[in-house]
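Understanding the architecture of this molecule
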Amino acid sequence: MRLTVADRLALLTGRGVTLGGLAERLATIHGDRRMVEEASPDRGDPSRLHLTFPRAAERVRELSGAIAGRAGRGDRVVLALPNGYELILAVLAASRAGAIPVPLNAELTPAEVDLVAADSGASLLVRDLDELPVPRRADRHEPAPADPGDVGAIFYTSGTTGRPKGVRLTHRALLSDLRPAALWPGRLHRDEAVFGLPVSHIMGFIAVLGMAVAGIPVYFLPRFRPDAALDAIEQRRATIFVGVPAMYRLMAEAGAEARDLRSVRVWASGADAMPAELARRFQRLGATATLPLPLPGLGRNLGEAAFLEGYGMVETGGGVAFKAALPLLRLLPGEALGVPIPPNRLRVVGEDGRDVAAGQVGELWVKGPGVLEGYHGDESATAEVVTSDGWLRTGDMARKGAFGLVHFAGRGKDVIKRGGYSVYAVEVEGVLEQHPGVAEAAVVGLPDERSGEAPCAAIRRAPGSDVDAEELAAWARERMAAFKVPVRFLFVDELPRTGTRKVRREEVKGLFGAPA
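Residues numbered from 1 in each chain as written. Predicted model: local features only at pLDDT ≥ 70, side-chain atom pairs only at ≥ 80, totals over all residues. Heavy atoms only, no water.

**Side note on the sheet that holds strand β4 (residues 100-105)**
If you trace the three strands from one edge of the open sheet to the other, you get β4-β3-β5, paired in parallel fashion. In the strand order of this sheet, the two ends are held by β4 and β5 (124-126), each with one partner. Strand-to-strand, the axes of this sheet are offset by a mean angle of 20 degrees, without reference to chain direction. Contacts between helix α4 (residues 85-96) and the sheet are confined to β3 (76-81) and β4, with β4 contributing the most and set at about 160 degrees to the helix. (Pairing = 2+ DSSP bridges. Helix = DSSP H or I, 4+ residues; strand = E, 2+ residues; numbered from the N terminus. Axes fitted to C-alpha atoms, helices over the stretch in contact; angles between N-to-C directions. Contact = heavy atoms within 4.5 Å.)

Shown next, in the form of structure tokens:
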């Protein structure tokens with residue numbers, strides 16, 4: 001029996017919806033449709049995992065029974081597993097068993113995994129799902145009772161500076177933003193998403209769950225390679241691609257513009273600021289629709305693809321705001337971070353704790369159901385970022401725009417204080433990356449005797465480029481105030497990155513010989 005929209009929404013918005021019961025609800029909603037096909041990480045067998053929604057629910061029940069035999073209610077279960085769809089299923093299974101999952105990427109060193117296991121007080125550490133004996137069908141347990149306000153999972157921050165912290169997120173925080181995905185008109189047209197993000201990080205986790213809620217099948221790449229991603233989009237005629245800006249840069253460098261990517265209707269990005277021109281390039285490569293046969297004067301490509309850019313962080317349980325560039329229509333002007341995703345609210349706050357005026361820069365504050373319950377075992381750290389009335393101090397800088405829009409200006413720690421001026425690293429990087437010889441720029445502040453700090457830029461040249469420091473300095477002087485122009489340029493083959501491909505700015509400073 002086909003469920004109505006109202007039925008689907010009731011299953012996802014009714015009382016008691018938690019991670020542990022999600023797989024069974026999705027099987028009820030989507031029936032025997034394909035959920036995921038996973039590529040082999042070693043380029044061998046073209047795929048290693050095929051799951052329909054009912055088979056995924058059954059796998060969750062199997063793993064849940066195995067975890068329930070080794071962990072009690074409320075116990076932390078560290079899942080240090082290879083990147084793949086089964087990590088998502090293991091998280092749902094641990095929750096179904098009444099435990100609190102702590103997902104990690106197995107590419108972390110054993111010492112890093114052990115550090116998280118100790119910090120979280122885990123009673124069970126799983127490095128391989130084969131370690132979990134699957135119980136007989138007769139022994140499988142019923143889902144453990146849970147409340148949406150209970151802690152559903154703990155995600156550890158990447159730890160780019162200092163010791164990583166465990167972010168405690170409730171079931172409500174992790175699922176509230178996904179419910180509108182049930183409205184996706186999946187039965188009206190064919191969709192498939194190509195996906196290569198790490199699901200142990202919040203963006204990958206939420207994006208995969210969002211696809212499942214929408215009923216959009218996923219072709220999952222456990223290890224992102226730009227050529228493999230382009231092959232998958234082109235050969236499978238995928239309609240959606242989700243990635244981070246670094247992935248788009250790599251695909252562009254791998255010859256994206258020579259590929260047939262017209263099947264893509266939606267490109268999506270998050271986790272870091274997306275350069276506007278790079279987004280426009282990929283919009284033009286996709287299409288609103290593709291005709292089966294060429295038409296005189298029109299060709300097969302009708303319109304452009306949409307580009308969606310989300311903003312969020314671990315502490316917000318995923319996305320809280322978005323920016324959309326739609327075919328033939330720019331919904332949000334300029335470099336707007338965007339508008340809040342209801343019911344989230346945004347503020348731009350000055351150092352005095354008051355909202356700044358339009359056009360001024362301040363710290364972005366967020367309030368909504370996704371805000372963390374707290375840092376695990378660290379009440380003082382929680383108090384530093386969450387106000388008494390529930391606002392999260394993100395540490396990100398934003399410029400307050402008109403009509404409630406906000407413009408992303410960078411992390412607070414990425415603001416370079418040069419004399420009496422504030423230099424925003426993201427702004428300088430955007431100008432440098434407009435130069436055709438620059439593939440990527442990372443701007444950091446280094447100590448300067450005269451002005452306190454001075455901007456310096458690490459540059460990855462575009463293929464075949466021989467751009468030098470003098471040319472880039474002249475380019476920057478024509479487009480920025482003098483105090484924003486980097487005083488040093490360093491050309492590198494690669495930039496240090498986190499698991500979500502963000503640039504590790506503290507390590508970039510080390511490339512210049514400065515202490516990290």
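**What about the sheet that holds strand β20 (residues 374-375)?**
Read across the sheet, three strands follow the order β6-β7-β20 without closing on themselves; strand pairing throughout is antiparallel. Here the strands that pair on one side only, and so sit at the sheet edges, are β6 (151-156) and β20. Summarising the sheet, β6 and strand β7 (residues 166-170) pair through five bridges and their orientation is antiparallel. Looking at the pairing, F155 lines up with V167 of β7.

**Concerning the nonpolar core**
Ranked by internal contacts, the top residues of the largest apolar core, which has 116 residues, are W267 and F282. Per-element tally for this core: the top contributor is helix α7 (residues 202-214), with 11 residues. Residue contacts for F282: discarding those within four places in its chain leaves Y248, M251, A252, A256, W267 and F307. Membership of the second largest hydrophobic core comes to 19 residues, among which are I416, V428, V431 and A473. (Core = buried A, V, L, I, M, F, W, Y, C linked by side-chain atoms within 4.5 Å. Buried < 20%, exposed > 50% of the residue type's maximum accessible area, 1.4 Å probe, protein only.)

**Comments concerning the packing of helix α2 (residues 19-30) against helix α3 (residues 53-68)**
Two measures define how a pair of helices packs: the angle their axes make with one another and the distance between the axes. In contact at an axis separation of 8 Å, α2 and α3 are set at 165 degrees when each is read in the N-to-C sense. Classified by the interaxial angle, the pair formed by α2 and α3 is roughly antiparallel. Remark: the crossing between α2 and α3 carries left-handed chirality. Where α2 approaches α3, its residues A23, E24, L26, A27 and H30 are matched on the opposing element by F53, P54, A57, V60 and R61. The class makeup of the residues in the contact of α2 with α3 is seven nonpolar, one polar and two charged. (Parallel < 35°, antiparallel > 145°, perpendicular 65-115°, else oblique. Left-handed = near helix turned anticlockwise from the far one by under 90°. Nonpolar A, V, L, I, M, F, W, Y, C, P; charged D, E, K, R; others polar.)

**Here's the deal with the pattern of salt bridges**
One pass over the full model with this rule turns up 30 salt bridges. Put simply, E192 and R236 hold a salt bridge, and the shortest N to O gap is 2.8 Å. Within this pair, whereas E192 is found in the loop between α6 (171-175) and β8 (193-195), its partner R236 is found in helix α8 (residues 226-236), the two being separated by 44 residues in sequence. Classification of E192 by relative accessible area gives buried; the value is 1%. You can call R236 partly exposed: its relative accessible area is 23%. One salt bridge connects K509 with E506, and the closest N-O pair in it is separated by 3.6 Å. Of the two residues, K509 and E506 both sit in helix α14 (residues 505-511), three residues apart, roughly one turn of that helix. The exposure class assigned to K509 is buried, which follows from its relative accessible area of 18%. In this structure E506 comes out as partly exposed when scored by relative accessible area, which is 26%. (Salt bridge = Lys/Arg side-chain N within 4 Å of Asp/Glu carboxyl O.)

**A look at the packing of aromatic side chains**
Evaluated as defined, the whole model comprises nine aromatic pairs. When the ring of F241 is compared with that of W267, the centres are 6.1 Å apart and the planes differ by 65 degrees; the resulting orientation is edge-to-face. Linking F241 in strand β10 (residues 240-243) with W267 in strand β11 (residues 266-269), this pair joins segments that are 26 residues apart in sequence. The burial state of F241 is the same as that of W267; both residues are buried. Between Y248 and W267 the ring centres are 6.0 Å apart and the planes differ by 70 degrees, which places this aromatic pair in the edge-to-face class. Placement of Y248 in helix α9 (residues 245-253) and of W267 in strand β11 is noted, with a sequence separation of 19 residues between them. An identical accessibility class is assigned to Y248 and W267; each is buried. (Phe/Tyr/Trp six-rings, centres within 6.5 Å; stacked < 30°, edge-to-face > 60°.)

**Some points on empty space enclosed by the protein**
Applying the stated criterion across every chain yields a total of three cavities of 30 Å³ or more. The computed volume of the largest cavity comes to approximately 50 Å³. Forming the boundary of the largest cavity are 12 residues, of which P245, A246, D272, R501 and K502 lie nearest the centre. The leading source of residues in the lining of the largest cavity is α9, at three residues. (1 Å grid on protein atoms, 1.4 Å probe; cavity = no way out; pocket = protein on both sides within 12 Å on 5 of 7 lines; lining within 4 Å. Points joined across faces, edges and corners; volume = space filled by probe spheres on them.)

**Thoughts on α9**
A large share of α9 lies buried, amounting to seven of its nine residues. Looking at α9, one finds that the buried residues are P245, A246, M247, Y248, R249, M251 and A252. G255 sits one or two residues past α9 and shows a positive phi near 95 degrees.

**Details of the pairing of strand β15 (residues 318-326)**
The pairing of strand β14 (residues 306-313) with β15 spans seven bridges and is antiparallel. Directly across from M313, in β15, lies its bridge partner G318. Between β14 and β15, which pair antiparallel in sequence order, lie four residues; one of them, G317, sits at a positive phi of approximately 70 degrees.

**Section: unusual backbone geometry**
Here the amide bond leading from P342 into P343 is cis, since omega sits at 5 degrees, within 30 degrees of zero. Assignment of secondary structure puts P343 in the loop between β17 (336-340) and β18 (345-349). Not every positive phi belongs to a glycine, and R237 is a case in point at roughly 55 degrees. One can find R237 in the loop between α8 and β10.

**Remarks on the pairing of strand β26 (residues 452-461)**
With seven of its 10 residues buried, β26 lies for the most part within the structure. In terms of strand pairing, strand β25 (residues 438-448) meets β26 through 10 bridges, oriented antiparallel. Bridge pairing in β26 links V444 to C456. The antiparallel pairing of β25 with β26 creates a hairpin that spans three residues between the two strands. In terms of strand pairing, β26 meets strand β27 (residues 488-491) through four bridges, oriented parallel. Bridging across to β27, I459 finds its partner in F491. In the classification by handedness, the crossover that spans β26, the intervening helix α13 (residues 469-479) and the parallel β27 is right-handed. (Right-handed = clockwise from strand over helix to strand, strands pointing away.)

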